[in-house]
Amino acid sequence: MVKRNAHIATVTTISGGSVVNGEWVEGQPSTSEVKGHYDPVNNSRAVLKKNSVGNEVEVHGEFYTRSKVIPGATHLLIASIGIDVNIISWEQYQSHSIIFV
């Protein structure tokens, strides 16, 4: 079995914006750390996932973690390997979850 290195990733969420005096004010970003494994997607296969808007986007990497899905997560940063990308989707399974980037 191949041994994979664990990484600490920072997930960014933007919590609740609101309308103030008729203008939209963005919510405050918050960050959470999750531990897991990152795998780049091989160029020999094309993986498509629907993003939050409903558009199909090609996946370039997958981050496997035991953390539960964080609603509203928009950005993934894995500083140890230089990954700084937007999250396409985050899917929950019984024993783990996968962040598609």
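What you see is a predicted model; the values in this text were computed from it and never measured.

How each quantity is defined
Residues numbered from 1 in each chain as written. Predicted model: local features only at pLDDT ≥ 70, side-chain atom pairs only at ≥ 80, totals over all residues. Heavy atoms only, no water. Buried < 20%, exposed > 50% of the residue type's maximum accessible area, 1.4 Å probe, protein only. Helix = DSSP H or I, 4+ residues; strand = E, 2+ residues; numbered from the N terminus. Pairing = 2+ DSSP bridges. Axes fitted to C-alpha atoms, helices over the stretch in contact; angles between N-to-C directions. pLDDT = per-residue confidence, 0-100. Phe/Tyr/Trp six-rings, centres within 6.5 Å; stacked < 30°, edge-to-face > 60°. Lys NZ or Arg CZ within 6 Å of the ring centre and 35° of its normal. 1 Å grid on protein atoms, 1.4 Å probe; cavity = no way out; pocket = protein on both sides within 12 Å on 5 of 7 lines; lining within 4 Å. Points joined across faces, edges and corners; volume = space filled by probe spheres on them. Nonpolar A, V, L, I, M, F, W, Y, C, P; charged D, E, K, R; others polar.

**Q** What's the story with the pairing of strand S7 (residues 61-65) in this structure? I'm lost.
**A** Each regular strand shows side chains that alternate between the opposite faces of the sheet. Of all the 5 residues making up S7, 4 are buried; the element is thus mostly covered by neighbouring parts of the structure. Summarising the sheet, strand S4 (residues 28-40) and S7 pair through 5 bridges and their orientation is antiparallel. Residue pairing for S7: Gly 36 is matched across the bridge by Thr 65.

**Q** What is the right way to look at the sheet that holds S7 in this model?
**A** Note: strands within a sheet are paired through backbone hydrogen bonds, in either parallel or antiparallel orientation. With antiparallel pairing, 7 strands are arranged side by side in an open sheet as S9-S8-S1-S4-S7-S11-S10. Each edge of the sheet is formed by a strand with only one pairing partner; in this case those strands are strand S9 (83-86) and strand S10 (89-92). Averaged over all pairs of adjacent strands, the angle between their axes in this sheet comes to 30°, without regard to strand direction. Pairing of S10 with strand S11 (residues 97-100), which is carried by 4 bridges, proceeds in the antiparallel orientation. Each bridged residue has a counterpart across the sheet, and for Glu 91 the counterpart in S11 is Ile 98.

**Q** I would appreciate a short explanation of the confidence of the model for the protein chain in the present structure.
**A** Residues shown with low pLDDT carry predicted positions that ought not to be read at fine detail. Per-residue pLDDT for the protein chain averages 87, and the proportion of residues at 70 or more is 94%. Considering each helix and strand of the protein chain separately, the mean pLDDT is smallest for strand S2 (residues 18-20), with a value of 81, and largest for S11, with 95.

**Q** Please explain the packing of aromatic side chains as it appears in this structure.
**A** Think of a pair of aromatic rings as described by two things: how far the centres are apart, and how the planes are tilted against each other in angle. A full pass over the atoms with the stated rule returns 0 aromatic pairs. In this structure, Lys 49 is placed above the aromatic ring of Phe 100, and the distance from its NZ or CZ to the ring centre is 4.5 Å.

**Q** Could you clarify how one ought to interpret the layout of surface pockets in this entry?
**A** Where empty space is left can be seen by rolling a probe of water-molecule size over the atoms. For the largest pocket, the calculated volume is near 270 Å³. Contributing to the lining of the largest pocket are 14 residues, with Ser 52, Ala 73, Ile 87, Ile 88 and Ser 89 lying nearest its centre. Of the residues assigned to the lining of the largest pocket, the class counts are 7 nonpolar, 6 polar and 1 charged. Quantified by volume, the second largest pocket comes out at close to 170 Å³. Every residue along the wall of the second largest pocket is listed here: Ala 6, Lys 35, Gly 36, His 37, Tyr 64, Thr 65, Arg 66, Ser 95 and His 96. Taken together, the elements giving at least two residues each to the lining of the second largest pocket come down to S4 and S7. Per element, the largest residue contribution to the lining of the second largest pocket is 3 residues, and it comes from S4. Tallied by class, residues from the lining of the second largest pocket come to 2 nonpolar, 5 polar and 2 charged.

**Q** Any chance you could explain the environment of Arg 45 here in plain terms?
**A** Tracing the sequence through the fold places Arg 45 in the loop between S4 and strand S5 (48-50). Classification of Arg 45 by relative accessible area gives partly exposed; the value is 43%. Put simply, Arg 45 and Gly 27 are 18 residues apart on the chain and 37 Å apart in space, counted from C-alpha to C-alpha.

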